[in-house]
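# Structural overview for review
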Amino acid sequence: MKLFSGKLGSSPFLVILCVLVATFVPIFNAAEAVVPKIGKFPAFFVFGDSIVDPGNNNYIETIARCNFRPYGRDFLEGKPTGRFSNGRIPSDLIAEELGIKKLVPAYLDQSLQVQDLLTGVSFASGAAGYDPLTSQTASVVSLRGQVDLFRDYVQKIMAAVGEERADSIVSQSFYFVCIGSDDIANTYPFRKAQYDIDSYTDLMVIYASSFYKELYGVGARKIAILGLPPIGCVPSQRTLSGGIERECSDFSNHGAVLFNSKISSTIDHLNKELPDVRMVYGDVYNPLLSLIKTPAQYGFVEATKGCCGTGNIEVSILCNHLSDATTCKDASKYIFWDSYHPTEKAYQVLVPIVLGDLLDKLSKL
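What counts, and at which threshold
- Within each chain, residue numbers correspond to sequence positions counted from 1 in written order.
- Totals for whole chains, interfaces and linings use all residues, but because this is a predicted model, local features are given only for residues with pLDDT of at least 70 and pairs of side-chain atoms are given and counted only at 80 or more.
- Values reported for side chains reflect all heavy atoms of the structure, with hydrogen atoms and water molecules removed beforehand.
- When the centres of two rings from Phe, Tyr and Trp lie within 6.5 Å, Trp using its six-membered ring, the rings pair. Their planes under 30 degrees apart give stacked, over 60 give edge-to-face, and anything left gives tilted.
- Only runs of H or I of at least four residues qualify as helices and only runs of E of at least two qualify as strands under DSSP, and these elements are numbered from the N terminus.
- Any residue under 20% of the maximum accessible area for its type is buried, any over 50% is exposed, and the rest in between are partly exposed; the area is computed with a 1.4 Å probe on protein chains only.
- At least two bridges found by DSSP between two strands are what make those strands a pair.
- We call a set of buried Ala, Val, Leu, Ile, Met, Phe, Trp, Tyr and Cys residues a nonpolar core when their side-chain atoms join them within 4.5 Å.
- When checking whether two residues touch, look at their non-hydrogen atoms; a contact exists if any pair is within 4.5 Å.
- Throughout this description, the term salt bridge denotes a Lys or Arg side-chain nitrogen within 4 Å of a carboxyl oxygen of Asp or Glu.
- Every axis in this analysis is a line fitted to C-alpha atoms, fitted for helices over the stretch in contact. Angles between the N-to-C directions lie between 0 and 180 degrees.
- If an angle is under 35 degrees, it is roughly parallel; if it is over 145, roughly antiparallel; if it lies from 65 to 115, roughly perpendicular; otherwise it is oblique.
- Three classes are used: nonpolar for Ala, Val, Leu, Ile, Met, Phe, Trp, Tyr, Cys and Pro, charged for Asp, Glu, Lys and Arg, and polar for all others, with Gly counted as polar.
- For any pair of crossing helices, the crossing counts as left-handed if the nearer helix is rotated counterclockwise from the farther one by less than a right angle, and right-handed if it is rotated clockwise.
- When the sulfur atoms of two cysteines come within 2.5 Å, that pair is taken as a disulfide.
- The predictor's confidence in any single residue is recorded as pLDDT, a number from 0 to 100.

The next thing to look at is the packing of aromatic side chains. By convention here, two paired aromatic rings are described through the distance between centres and the angle between planes. Per the stated rule, a full pass over the model turns up 24 aromatic pairs. For the ring pair Phe45 and Tyr153, a centre distance of 5.0 Å and an interplane angle of 70° mean the geometry is edge-to-face. Separated by 108 residues along the polypeptide, Phe45 in strand S1 (residues 44–48) and Tyr153 in helix H5 (residues 143–161) bring together distant segments of the chain. Each member of the pair Phe45 and Tyr153 is classed as buried. Between Tyr71 and Phe84, the ring centres sit 6.2 Å apart and the planes meet at 70°, which makes this aromatic pair edge-to-face.

Here it is in structure tokens:
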């Protein structure tokens, strides 16, 4: 299925930037994580970028994909599915924590059956962003495109189970949004002639608010939105912008902090503006910074490099079977699988904490 097409620039730097994708890694004490109960959700829907893309990019024309080894090395049966990790990703683990399903499938997978659809899917596309230019540059499914796919989904389940049940599924389900880091890491360098970082994060918020309202318009009511992580501290950004010592990029981190402050306020405003909506913001910046600064506290030995290849720059098409010889043997000791995405082990520590926080906030609205 060729739904999207486009050409990327030929600059090696642009190619690297276009395939660097977002990450969130919230963490504190996993032993204290308790997932509050606020009722059973009939389904789980996901929108965003590569952190929660289970393989939608396999079905479009883009280089931002990973349906090849060594990706999926520790997945069920060792199969590369298009998930940007060595194993399962946050959307899978969250759906399992919610008691819905063990794996959240890609909506563009044409083999899905009605029962797969009824309990939720992911519309996420690796390398997407709030800024439409981010998705356009990488030739992936934009947020507007993801909402269009959601509308298509609603029509499918209405035809399968009727309007009443379809409306119940849509209105009562849990919606999870994880996106935005690619805007700062990849697109802003091409926007900075027009915007300083403060005005660019204003632009991101405008697009983000429009997207949330579109979701609401289709029927979403319980929406969890993750903020941006300390982008400058992921391995690839250390390599590209951290100097010879590979320090964190203060500029990228500053951009993330600006956006998070603005989007949190916007979410508060939307909760007052939109009838019946329950929208919550998840802080992932400070938890990830804590993990990176004290990895041993959480059982990790490497926080500045990925497991794949050299761990400095390999991601997506740069992390391939040719990297096997230098890829680490035990990914559970690494926070990052490639130069931008965490390992399944890191996600297993993180998910109960971030989900508990989000559900707790939802229950209080």
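Okay, back to it.
Our next topic: the pairing of strand S4 (residues 278–282). Burial analysis of S4 places four of its five residues in the buried class, which makes it a mostly covered element. The pairing of strand S3 (residues 222–226) with S4 spans five bridges and is classified as parallel. Bridge pairing in S4 places Ile223 opposite Met279.

Counting 113 residues, the largest nonpolar core has Phe44, Tyr130, Phe150, Tyr153, Phe174, Phe176 and Tyr212 as its most contacted members. For this core, the element with the most residues is helix H8 (residues 197–218), which contributes eleven residues. Residues within four places of Tyr212 in sequence aside, it is in contact with Tyr130, Ile225, Ile263, Ile267, Leu270 and Met279.

One pass over the full model with this rule turns up 14 salt bridges. Between Asp92 and Arg83 there is a salt bridge, and its shortest N-O distance comes to 2.8 Å. Taken as a pair, Asp92 and Arg83 share a single burial class, namely buried. Taken together, the shared-partner salt bridges in this structure form one network comprising Arg88, Glu96, Lys102 and Glu344.

The amide bond that connects Arg69 to the next residue, Pro70, takes the cis arrangement and shows omega of 10°. If you check the backbone angles, Glu77 has positive phi at about 65° while not being a glycine. Mapped onto the elements of the fold, Glu77 is located in the loop between S1 and helix H2 (90–97). By relative accessible area, which is 82% here, Glu77 ends up exposed. One non-glycine residue with positive phi stands out, namely Ser316, at about 55°. Within the element layout of this structure, Ser316 appears in the loop between strand S5 (302–306) and strand S6 (334–336). By relative accessible area, which is 0% here, Ser316 ends up buried.

Turning to the packing of H5 against H8, a few remarks are in order. As a packed pair, H5 and H8 sit with axes 10 Å apart at the nearest point and diverge in direction by 5°. It follows that H5 is roughly parallel to H8 by the angle criterion. The segment H5 lies against H8, with Leu143, Arg144, Val147, Phe150, Arg151 and Val154 engaging Phe211, Glu214, Leu215 and Val218. Taken together, the residues of the contact of H5 with H8 sort by class into seven nonpolar, no polar and three charged.

For the rest of this paragraph, the subject is the packing of H8 against helix H10 (residues 250–273). Between H8 and H10, the least distance of the axes is 9 Å, while the angle of their chain directions is 35°. Once H8 is placed against H10, the crossing between them reads as right-handed. Counted together, Ile197, Asp198, Thr201, Asp202, Met204, Val205, Ala208, Ser209, Tyr212 and Lys213 of H8 and Phe251, His254, Gly255, Leu258, Phe259, Lys262, Ile263, Thr266, Ile267, Leu270 and Glu273 of H10 form the full contact between these two elements.

In this section: the state of the cysteines. For the structure on display, the rule yields three disulfides. Here Cys233 pairs with Cys248 through a disulfide, and the sulfurs are 2.1 Å apart. Between Cys233 and Cys248 the sulfur-sulfur dihedral comes to about 120°; the bridge is accordingly right-handed. Taken as a pair, Cys233 in the loop between S3 and helix H9 (235–241) and Cys248 in the loop between H9 and H10 lie far apart in primary sequence, 15 residues in all. Overall, Cys233 belongs to the buried group, its relative accessible area being 2%. Here Cys307 pairs with Cys328 through a disulfide, and the sulfurs are 1.9 Å apart. Between Cys307 and Cys328, the S-S dihedral sits near -105°, and the bridge is therefore left-handed. Of the two residues, Cys307 is situated in the loop between S5 and S6 and Cys328 in the loop between S5 and S6; the sequence distance between them amounts to 21 residues. No disulfide involves Cys66; its nearest neighbouring cysteine sulfur is the one of Cys319, lying 8.6 Å away. With relative accessibility at 0%, the residue Cys66 sits in the buried group.

Moving on, we get to the confidence of the model for the chain. Averaged over every residue, the pLDDT of the chain is 90; residues scoring 70 or more account for 89%. This stretch, residues 1–36, has a pLDDT under 50; its non-local contacts, to residues over four places away or in other chains, come to 118 contacts.

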